[in-house]
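Fold and geometry: a report
For reference, the chains in residue letters:
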Amino acid sequence: MAQIKKLVLLIIPISILFSFSSLFGQTNRSLQKKITQLEQKLNKQEVQLSTAQNTLLTQMNLRLKNFYEGQNLFLEDLNAIKQKQQKITDQYERMQHTALLQDVKIQMLENKVAALKEKIKKQYNVRQQKEEKQRTSIAKTKKPILLVSKQEKAILKKAYTYLKQNDTKHAAKTFDELYHFNKVGAYAPLALFSIGKIYFDQKQSALAASYFIKVLSLFPSKDIHNTTQWFLARTYEQQKHYSQAKDLYQTLASKSGAYAKKAQARYNQLSNRENKRKKKGKLK
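Residues numbered from 1 in each chain as written. Predicted model: local features only at pLDDT ≥ 70, side-chain atom pairs only at ≥ 80, totals over all residues. Heavy atoms only, no water.

Moving on, we get to the side chain of His-225. Secondary-structure assignment places His-225 in helix H7 (residues 225-238). Its relative accessible area of 14% is what places His-225 among the buried residues. (Helix = DSSP H or I, 4+ residues; strand = E, 2+ residues; numbered from the N terminus. Buried < 20%, exposed > 50% of the residue type's maximum accessible area, 1.4 Å probe, protein only.)

It is worth spelling out the environment of Gln-244 at this point. By the element assignment, Gln-244 lies in helix H8 (residues 242-253). Take Gln-244: its relative accessible area is 38%, and that puts it in the partly exposed class. For the pair Gln-244 and Leu-232, spaced 12 residues apart in sequence, the C-alpha to C-alpha distance is 9.5 Å.

Turning our attention to the packing of aromatic side chains. For the coordinates displayed, the defined rule picks out 9 aromatic pairs. Through pairs of rings, three or more aromatic residues link up here, namely Phe-193, Phe-200, Phe-212 and Phe-231. The aromatic ring of Trp-230 is capped on one face by Lys-262, whose charged end is 4.8 Å from the ring centroid. (Phe/Tyr/Trp six-rings, centres within 6.5 Å; stacked < 30°, edge-to-face > 60°. Lys NZ or Arg CZ within 6 Å of the ring centre and 35° of its normal.)

Turning next to unusual backbone geometry. Of note in the backbone geometry, Lys-203 takes a positive phi value of approximately 65° without being a glycine. Tracing the chain through its elements places Lys-203 in the loop between helix H5 (188-201) and helix H6 (205-218). Here Lys-203 falls in the exposed class, since its relative accessible area comes to 61%. Phi at Lys-240 takes a positive value of approximately 65°, unusual for a residue other than glycine. You can see Lys-240 is positioned in the loop between H7 and H8.

With that out of the way, let us pick up the pattern of salt bridges. Considering all chains together, one arrives at 4 salt bridges under this definition. Between Glu-274 and Lys-246 there is a salt bridge, with the nearest N and O atoms lying 2.8 Å from each other. One end of the pair, Glu-274, is in helix H9 (residues 260-283); the other, Lys-246, is in helix H8, with 28 residues separating them in the sequence. Overall, Glu-274 belongs to the partly exposed group, its relative accessible area being 25%. In this structure Lys-246 comes out as buried when scored by relative accessible area, which is 15%. When salt bridges with common partners are traced through the structure, they connect Lys-246, Glu-274 and Lys-278 into a single cluster. (Salt bridge = Lys/Arg side-chain N within 4 Å of Asp/Glu carboxyl O.)

Contact geometry of helix H3 (residues 150-164) with helix H4 (residues 168-181) gives a least axis separation of 8 Å together with a crossing angle of 165°. With respect to each other, H3 and H4 are oriented roughly antiparallel. Note that H3 runs across H4; the crossing there is left-handed. Touching Gln-151, Glu-152, Ile-155, Leu-156, Lys-158, Ala-159, Tyr-160, Tyr-162 and Leu-163 of H3 are His-170, Ala-171, Thr-174, Phe-175, Glu-177, Leu-178 and Phe-181, all from H4. Classifying every residue of the contact of H3 with H4 gives 10 nonpolar, 3 polar and 3 charged. (Axes fitted to C-alpha atoms, helices over the stretch in contact; angles between N-to-C directions. Parallel < 35°, antiparallel > 145°, perpendicular 65-115°, else oblique. Left-handed = near helix turned anticlockwise from the far one by under 90°. Contact = heavy atoms within 4.5 Å. Nonpolar A, V, L, I, M, F, W, Y, C, P; charged D, E, K, R; others polar.)

Between the first and last C-alpha of H4 there are 20 Å, a value that for 14 residues agrees with the 20 Å anticipated at 1.5 Å per step. Those residues of H4 that sit buried are Ala-171, Ala-172, Thr-174, Phe-175, Leu-178 and Tyr-179. One side of H4 holds all its buried residues, which, seen down the axis, span an arc of 165°. Summarising the geometry of H4, the exposed residues directed more than 90 degrees from the buried face are Lys-169 and Lys-173. Of the surrounding secondary structure, the elements contacted by the buried residues of H4 are H3, H5 and H6. (Expected span 1.5 Å × (residues − 1). Arc of directions from axis to C-beta.)

The subject of this paragraph is the side chain of Ser-205. Tracing the backbone through its elements, the reader meets Ser-205 in helix H6. A relative accessible area of 10% places Ser-205 in the buried class. Once residues within four sequence positions are removed from consideration, Ser-205 is found in contact with Thr-235, Gln-238 and Gln-239.

Keep in mind that these numbers describe shape and distance, not what the molecule does.
See the structure below:
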């Protein structure tokens, strides 16, 4: 554009000069030739300028096209991101709702469990009171009732028959029947002990211990007491409750009876084992 302005400024004075020369009738061929050359040069530069403008417009249109295409792609990506965000938000809200429902269910279950525990506790307390009354009644009796009915003998025989057949399931069930037939009878402690012994042989230590403890608490003065203590101590060993086992062995060792020597020996073995473990711990 600057070049065109320069050419225009050159042409105007020349044109004026030519006009004066015509008026006065003076024709200058050399000047006319220069004017023609300048016009040709001007036309050529106008063509070049037009070509350059067209090229520039084409490039600008192409860039604008690319820009709008890129803008459309960006808007599409932005919409896709917004849709994903909305899905995530909806999913999160559903999860929160589900978690809230689960919390309510858990709270309801906890309430039910608490109520059930309270019910069991009350039932246990009632049972303990009844058993305590029975023990008190037995303790007040000068001579325990040792009479055994024919039915008790038949049940005991049936239980031993199952034991001989290695049918421990029915044997335990029959001993339980014997105990409940007469809880204060002569066979009651034997029935409970036998059930505990079955579970002891099966390595069901927790069940065995519960029956042995029951024998010791309900029938503390029976002849089967020492035998029960021995097997309870063995049960504690199975459960790796060595401290409780040692206490029972020490108690048995202090008594006179068949288990005194065995209990002392077992107590010594557990004590030595415990001392060795302590020494190893100190060395480490």
